[in-house]
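# Commentary on secondary and tertiary structure
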Amino acid sequence: MRLSIQRTELARVVGAVGKVVEARNTIPILSNLLLSAADGQLHVTGTDLDIQATASAPAEVHEAGTITVGAKMLGDIARKAGNETVELSLVDGKLEVKSGRSKFGLNILPASDYPSLSAGTYDAEFEVDLAALFAPVAFAISTEEARYFLNGIFLHSTDAGTVAVATDGARLARNTTEHLGTFAGIIVPRKTVSLTPKGKVTVSVSETKIKIVSPELTLVSKLIDGTFPDYQRVIPTNNENIVAVDRDLFMKAADRVTTISTERGKAVRLTIAPGSIKLAVRNPDHGDAEDEVAAEYSGQPIEIGFNAAYLRDILSVLPSGEVTLKLNDASSPAIVTGAAEGWDGVLMPMRV
C-alpha cells in the first residue's frame, strides 16, 4: 500500500472512526484501525466488536492495499503533522508515515485478522435525522448495568409514527416522528446513540443490528438483546391538574434554588397554586432556598417533590417557550410537554 492524503482529511477520518475504538483492549487488533486504499479513496474502519465505524477520504493511491495500524498512534501523528500532505506506505513490514521531514514506522497487524460486522441482511430501511430523533430522549438512558435493557433507546413503530423512548425508571422521555416503516422494536445502545451522525441518514434495521449511513460515516452496531418494558403503563392518563410556565424562567429558578443541593438534599419541592409555582430546597448541611415564578394554573394547590437534577435535565431538552406539567397528586408521576412537537416526558415524584 502506498498513498498520499491531505493531513486534515486523514485526521478527520481517523478521528471519527477512532471514537469507536476502546482505549484499553485485551485483544491487540481491536486497538487498531483497518486501512484500505483503492480507487482514489482511503477507507478507515474501527470496531469494538459491538460497533463498527467506517469513514472515507479522497487520496492519491499509488498502490492499493489493506493493513491495520494502531488507532491512537495514527490519530496523534495526523493531528501533529507539520506538513499538509501525509504519505503512507508499507515498508519492511511497517507502515511508514511521512509528513515533511517527519517520518514514523508503525507496527501493523494482518488485515485478514480484523473482525467485521458487515455481514447480514436488514428487514427495513428508511431515511431520517436520527440524531435529532434521539437527542431529546438520550438523557433518560439508564446507566444501571443490571437492567441492561434500559441502557439504550427503544426505537419502534406505532400507529402514531416512529417513536424513540428512553427511561431509567425515574424519568422517561419519548419523541415521535412520522411513520418511517414497519419493523420490530429495537434497543439502540448508548454508545451507538452518542456516535450517530447529525443530519439525515439512511437507517437499516434487523432484529440484531442497525446500520446508519451518512455521507461522512457508516456505523454498523449490534442491538441490545433484551425486551424493553411496556413503558406506556407508566404514562399517566388521568392527570387533570395542568400548570403552564415559561421554560426559561422555570429552569433558571430551579438552578438558583438547587445551588445549595447536595446528594443528601437533591429534592426540590414545588408548591403550585393559582398564578405561581414556588420552588423550595431544604439542605440539612447548608440551609434552605426559595424562589417563585409566575404560572397559569386554576386548580387546587398541590405540593410535589422532584429530583432537582432530573427536573433540570428534562427542561434542558425543550426549546424556549411554554412548558406544561400535568399532575394528579404528590405521589403520582407528572407528564411534561413543551414547544417541541412530538415530545413528551414523565417525571417520577420524590418524597420531600
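Refer to the structure presented above.
Residues numbered from 1 in each chain as written. Predicted model: local features only at pLDDT ≥ 70, side-chain atom pairs only at ≥ 80, totals over all residues. Heavy atoms only, no water.

## Concerning the environment of Gly82
For Gly82, the position within the fold is in the loop between helix 2 (71-80) and strand 7 (85-91). Of the residues examined, Gly82 reaches a relative accessible area of 76% and is grouped as exposed. Separated by 17 residues in the primary sequence, Gly82 and Ser99 have C-alpha atoms spaced 6.6 Å apart. (Helix = DSSP H or I, 4+ residues; strand = E, 2+ residues; numbered from the N terminus. Buried < 20%, exposed > 50% of the residue type's maximum accessible area, 1.4 Å probe, protein only.)

## A few points about the packing of helix 1 (residues 7-18) against helix 2
Put simply, helix 1 and helix 2 touch, their axes get as near as 8 Å, and they point 145° apart. Note that helix 1 runs across helix 2; the crossing there is left-handed. Each of Arg7, Leu10, Ala11 and Val14 in helix 1 lies in contact with helix 2, whose residues at this interface are Ala71, Leu74, Gly75, Ala78 and Arg79. Its residues placed into classes, the contact of helix 1 with helix 2 shows 6 nonpolar, 1 polar and 2 charged. (Axes fitted to C-alpha atoms, helices over the stretch in contact; angles between N-to-C directions. Left-handed = near helix turned anticlockwise from the far one by under 90°. Contact = heavy atoms within 4.5 Å. Nonpolar A, V, L, I, M, F, W, Y, C, P; charged D, E, K, R; others polar.)

## What about helix 5 (residues 247-257)?
Turn by turn, an α-helix covers 3.6 residues, leaving residues three or four places apart pointing in a common direction. Among the residues making up helix 5, those that are buried are Arg247, Phe250, Met251, Ala253, Ala254 and Val257. Taken around the axis of helix 5, the buried residues stretch over an arc of 160°, which confines them to a single face. One side-chain oxygen at the N-terminal end of helix 5 lies 3.1 Å from the backbone nitrogen of Asp248; it belongs to Asp246. (Arc of directions from axis to C-beta. Polar contact = N/O pair within 3.5 Å; in protein donor to acceptor, adjacent residues only side chain to side chain.)

## As for the packing of aromatic side chains
Summed over all chains, the structure comprises 4 aromatic pairs. A ring pair is formed by Phe126 and Phe183, whose centres lie 5.5 Å apart and whose planes are at 20°; its orientation type is stacked. Here the residue Phe126 occupies a position in strand 10 (residues 124-128), and Phe183 occupies one in the loop between strand 13 (171-177) and strand 14 (186-189), the gap between them amounting to 57 residues. Each member of the pair, Phe126 as well as Phe183, is classed as buried. Between Phe228 and Tyr231 the ring centres are 6.5 Å apart and the planes differ by 70°, which places this aromatic pair in the edge-to-face class. Like Tyr231, Phe228 is buried. Through successive ring pairs, a cluster of aromatic residues spans Phe154, Phe228 and Tyr231. Looking at Arg171, its charged tip hangs above the ring of Tyr310, at a distance of 3.9 Å from the centre. (Phe/Tyr/Trp six-rings, centres within 6.5 Å; stacked < 30°, edge-to-face > 60°. Lys NZ or Arg CZ within 6 Å of the ring centre and 35° of its normal.)

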